[in-house]
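Inside the fold
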Amino acid sequence: IGTGYRWYSGLFTRWVYDHRKGGQKHESQYGVNLLSPLLPGELSLRMPRLKVAPSAAAEAKSRLQALGIVGEYMVIHPGSRGHASDYSREGFAAVADALLADWSGLNIVITAGPDEEELVTTIIGQMRNRSRVHAVGGMSLDLFSELLRGAKGFLGTSSGPIHLAALVKTPVVGLYPGLPPMWPARWGPIGEQVTTIVPHANEPFCPRCEKDHQPENCVLRIKPDRVVTACMDMLIGKGAGLRDSIA
């Protein structure tokens, strides 16, 4: 079974004619639809439940205590290892500063994947308030999952961690391109507490807009104050499920 739109489609015995380029469905739905030759009728999505990993949960608690975090915390994962349209380091720093100023007692954990330590260090270095911001890296997938599970919220771009956060039911804010096929309609996290933000027409172009990419897909254009508003709404439980669109 496979797509009917590729040069190698002749190798299959059954075909599915779904155009992914338009990005009108979620990527997981495209995957599930590959079963349609075997399972008649509409195939719906049902997200699995990721069980708590007790040893990883204990390690996450220990790490947080070692950092001096005893109350609420939010996770920011700025990296994508080149797999997504990245937000600026200055933008993440400005958002983190504003959240710390607006939410007394909130800690911010900025997580680093492999080879992303310098990125996190630079963001923290550009912040004005570094008293309640912490860098965390070198985590197993189980440990990362439990760190995310205990967080009050998550901010990131279109990368694996944002989907993992949504899977453990942590509210998320995601920064996404505004046009298909990379827009959140296809690649956004699945969940009820998911907010996605895309560039708006009134936001200034970056120096590479129209030269290297379409302005509607430039995550760098998203104003930090819009991100802060979405994160504050997320933290207070307001506006869950907001899917932004080009305005």
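Each remark here, short or long, concerns the structure printed above.
Below is a summary of the structure that appears in this document. (Residues numbered from 1 in each chain as written. Predicted model: local features only at pLDDT ≥ 70, side-chain atom pairs only at ≥ 80, totals over all residues. Heavy atoms only, no water.)

This next bit is on the packing of helix α3 (residues 89-102) against helix α8 (residues 224-235). Direction vectors running N to C along α3 and α8 enclose 45°, while the axes themselves pass 9 Å from each other. It follows from the interaxial angle that α3 and α8 lie oblique. With respect to the hand of their crossing, α3 and α8 are arranged in right-handed fashion. Only P224, V227, V228, C231, M232 and L235 of α8 make contact with α3, whose side of the interface consists of G91, A94, V95, A98, L99 and D102. For the contact of α3 with α8, the class distribution of residues is 10 nonpolar, 1 polar and 1 charged. (Axes fitted to C-alpha atoms, helices over the stretch in contact; angles between N-to-C directions. Helix = DSSP H or I, 4+ residues; strand = E, 2+ residues; numbered from the N terminus. Parallel < 35°, antiparallel > 145°, perpendicular 65-115°, else oblique. Left-handed = near helix turned anticlockwise from the far one by under 90°. Contact = heavy atoms within 4.5 Å. Nonpolar A, V, L, I, M, F, W, Y, C, P; charged D, E, K, R; others polar.)

It is worth spelling out the pattern of salt bridges at this point. On inspection of all chains with the given rule, the structure shows 9 salt bridges. Close ionic contact of R89 with E118 constitutes a salt bridge, the shortest N to O distance being 3.1 Å. Of this pair, R89 sits in helix α3 while E118 sits in helix α4 (residues 117-125), and the two are 29 residues apart along the sequence. Taking relative accessible area as the criterion, R89 reaches 30% and is therefore assigned partly exposed. According to the relative accessible area criterion, E118 is partly exposed, its value standing at 49%. Ionic pairing is found between D212 and R208, a salt bridge with its closest N-O pair at 3.2 Å. (Salt bridge = Lys/Arg side-chain N within 4 Å of Asp/Glu carboxyl O. Buried < 20%, exposed > 50% of the residue type's maximum accessible area, 1.4 Å probe, protein only.)

The next subject is empty space enclosed by the protein. For the coordinates displayed, the defined rule picks out 1 cavity of 30 Å³ or more. Estimates place the volume of the largest cavity at around 40 Å³. Around the largest cavity, the lining residues are A60, R63, L64, L67, V136, M139, L143 and L147. Every element with two or more residues in the lining of the largest cavity is listed here: α2 (54-66) and α5 (141-149). With 3 residues, α2 is the largest single contributor of residues to the lining of the largest cavity. Residues of the lining of the largest cavity, tallied by class, amount to 7 nonpolar, no polar and 1 charged. (1 Å grid on protein atoms, 1.4 Å probe; cavity = no way out; pocket = protein on both sides within 12 Å on 5 of 7 lines; lining within 4 Å. Points joined across faces, edges and corners; volume = space filled by probe spheres on them.)

Bringing the side chain of T170 into the picture now. Mapped onto the elements of the fold, T170 is located in the loop between α6 (160-167) and β7 (172-175). Apart from residues lying up to four places away in sequence, T170 is in contact with L148, R149, A151, G153, F154, A165 and Q193.

Below, the discussion takes up the state of the cysteines. For the structure shown, the criterion picks out 0 disulfides. In this structure C218 is not part of a disulfide, and its nearest cysteine sulfur, from C206, lies 3.6 Å away. Left unpaired, C231 is separated from the closest cysteine sulfur, that of C218, by 19 Å. (Disulfide = S-S within 2.5 Å.)

This part takes up the environment of H19. Mapped onto the fold, H19 is located in the loop between β2 (15-16) and α1 (27-33). Judged by its relative accessible area of 53%, H19 is exposed. Once the C-alpha coordinates of H19 and P48 are considered, the two residues, 29 residues apart in sequence, prove to be 26 Å apart.

Here we take up the packing of aromatic side chains. Taken as a whole and judged by the stated rule, the model has 4 aromatic pairs. Three or more aromatic residues joined by ring pairs form one cluster here, namely W7, Y8 and F12. (Phe/Tyr/Trp six-rings, centres within 6.5 Å; stacked < 30°, edge-to-face > 60°.)

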